[in-house]
Amino acid sequence: MDIQSKLAGHLNAIPRSGIRDFFELVIGRNDVISLGVGEPDFSTPWSIREAAIYSLEKGETSYTSNLGMLSLREKITEYVDEFFHISYRPDSEVLVTVGVSEALDLALRALLNPGDEVIYHEPCYVSYSPSIVMAHGVAVPVATTQEDGFSLKPAALAAAITPRTKIVMLNFPTNPTGAVATQEDLEGIAKLCIEHDLIVLSDEIYSELRYDDEEHVSIASLPGMRERTILLHGFSKAFAMTGFRLGYACAPPELIEAMMKIHQYGILCAPITSQAAALEALSGGETLYEPMKREYRQRRDFLVNRLNGMGVDCHLPGGAFYVFPNIQKFGLTSQEFAMGLLEAEQVAAVPGDAFGPSGEGFLRCCYATGMKDLKEAMCAMERYLKTL
Ligand code: PMP
C-alpha cells in the first residue's frame, strides 16, 4: 500500500522540526552539556506537586467541566486581572487547555478558513508556522532584526497586511530571542490591528520572566484590544510545570465558545490532577516563581557578559530564558557552527535557522541550565572559537 499517497496533502508543506533533527544527534549521549531544550531545569515547586498528590489522594480522578474547573477559572481571572490588568468572566471567557500548545491550535482552527493569512514575527517558536498550516491557513512571517532587539515594528507589520490577513500572532517575551516589545510598538501594532479589523493571538507564556524591571504589558490591555485578542498563558515556564501540560486562553465569549467546540470533541477537558496543581500554583504566585526568576536573571547576565567578552555579539534579552548570540562573523552557517561546537566540545545549542530563515546566523542557548554547566559551556565555546 502506498501510505504516503494517503497522507493529508497539507502535511507535505510542513518540515520536520529543526530542533528535533538536531537533538536526535544528542539523545543518548551523556557527555553533552545541553543548552537546547526550552524547559526549566527546576522541578515544579513542592507545594504544587503536593497539591497534585493530595488531589489524587482525595480520589479526584474524574473529568471536569469542558472549560476546566470553575474554581481554577476563577483563580485564573483573579491572577490575570492582577498581573495583566484585564478582567475576564470565569464562566464564559476562560478555557483551560492542555498547555498553550493546545490553546494555540484551538484558536487557529476556530478562526481560519483555507487561505486566510496569519502574520507572525520571526525568529519564532518552532510550532507557529506548522500550526497555521495544519489549520489550513497561510503563514506570513515578518523578519525581526537584532538592531530592533528582535521586536516587531509596526511598519514591518503594516507592510505584511493584505486583504487576506485575519490574525496577527505575537509572542513577547519571545522564544528564541528573549525579545520584549516597547509600549510604543505595542500601541502601533494595536492601532494597525484595529484599523484592519484583525484578531490578535498573543502568546504570553514567558510574561512573568522579565528581567528589565519593566512591567509586562499585554496588548489585550490596550484600548480597543480586549475584544479582538485571545490571550494565551500557561504554567509550563514560570512555574516549571511543563509535564503537567496546562495552559489557558482568555477571550470574549464568542471566541472561547468556538475554541471550546473543538476542545470538547478533541480533548474533552484538561487533566484534573494538573488543574488541582495549577490552582495551587496561582495561590502561591510570585513567591513560587521569584526564586527561579532570580536565578535565571543571574544566568542571563553571566552568559551575555561572557559571550560578548569572548567576541560573540549578543544582545541583552529582556525576558524568557534564552540568549540569541550572533555568530555571523565566524563565516559558518548556524547549522555548521552548532554541529562543530557539538563535535568539538560536546555542547549543544540550537542553530538559529530552526526558528525560521531570519534566525540564520544566530544560535539559541537556553539558560534553564545550572550555572556549573553554563560556565563549562562558555569555556568550551571559547576554546571552539579559537579553532575557527
Ligand atoms: N509558546 C511558546 C513561545 C513556547 O516557547 C512554548 C514552549 N516551548 C509553548 C508556547 C508551549 O508551551 P506549553 O508547554 O504550555 O504547551
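Residues numbered from 1 in each chain as written. Predicted model: local features only at pLDDT ≥ 70, side-chain atom pairs only at ≥ 80, totals over all residues. Heavy atoms only, no water.

Some points on helix H12 (residues 334-345)
Move 1: Taking 1.5 Å per residue as the helical rise, H12 with its twelve residues ought to reach 16 Å, and the 16 Å between its terminal C-alpha atoms agrees with that figure.
Move 2: In the core, the buried residues of H12 are packed alongside helix H2 (18-24), strand S10 (347-348), strand S11 (350-351), strand S12 (363-366) and helix H13 (371-386).
Move 3: Glutamine 346 occupies a position one or two residues after H12 and carries a positive phi of about 55°. (Helix = DSSP H or I, 4+ residues; strand = E, 2+ residues; numbered from the N terminus. Expected span 1.5 Å × (residues − 1). Contact = heavy atoms within 4.5 Å.)

Details of the domain arrangement of the chain
Move 1: Taken domain by domain, the chain consists of domain 1 (3-44 + 287-385) and domain 2 (62-284).
Move 2: If you look at the interface, domain 1 gives 40 residues, while domain 2 gives 40 residues.
Move 3: The junction of domain 1 with domain 2 conceals about 3200 Å² of combined surface from both sides, 62% of it contributed by carbon and sulfur atoms.
Move 4: Connecting domain 1 to domain 2 are zero salt bridges.
Move 5: On the surface where domain 1 and domain 2 come into contact, there are 19 residue pairs in polar contact (both at pLDDT 80 or more).
Move 6: Sorting elements by how many residues they give to the side of domain 1 that touches domain 2 places helix H11 (residues 286-309) first, with eight residues. (Domains from an automatic or database assignment. Buried area = accessible area lost by both parts, 1.4 Å probe. Salt bridge = Lys/Arg side-chain N within 4 Å of Asp/Glu carboxyl O. Polar contact = N/O pair within 3.5 Å; in protein donor to acceptor, adjacent residues only side chain to side chain.)

Remarks on the packing of aromatic side chains
Move 1: The tally for this structure, following the rule as stated, stands at 19 aromatic pairs.
Move 2: Here the aromatic rings of tyrosine 206 and tyrosine 322 are separated by 5.7 Å at their centres, their planes lie at 80°, and the arrangement is edge-to-face. Pair noted here: tyrosine 206 is in the loop between strand S6 (199-203) and strand S7 (229-234) and tyrosine 322 is in strand S9 (residues 322-323), with a separation of 116 residues, a long-range link. Summarising the burial analysis for this pair, tyrosine 206 and tyrosine 322 share the class buried.
Move 3: An aromatic cluster of at least three residues, connected via ring pairs, comprises Phe42, Tyr206, Tyr296, Phe321 and Tyr322. (Phe/Tyr/Trp six-rings, centres within 6.5 Å; stacked < 30°, edge-to-face > 60°. Buried < 20%, exposed > 50% of the residue type's maximum accessible area, 1.4 Å probe, protein only.)

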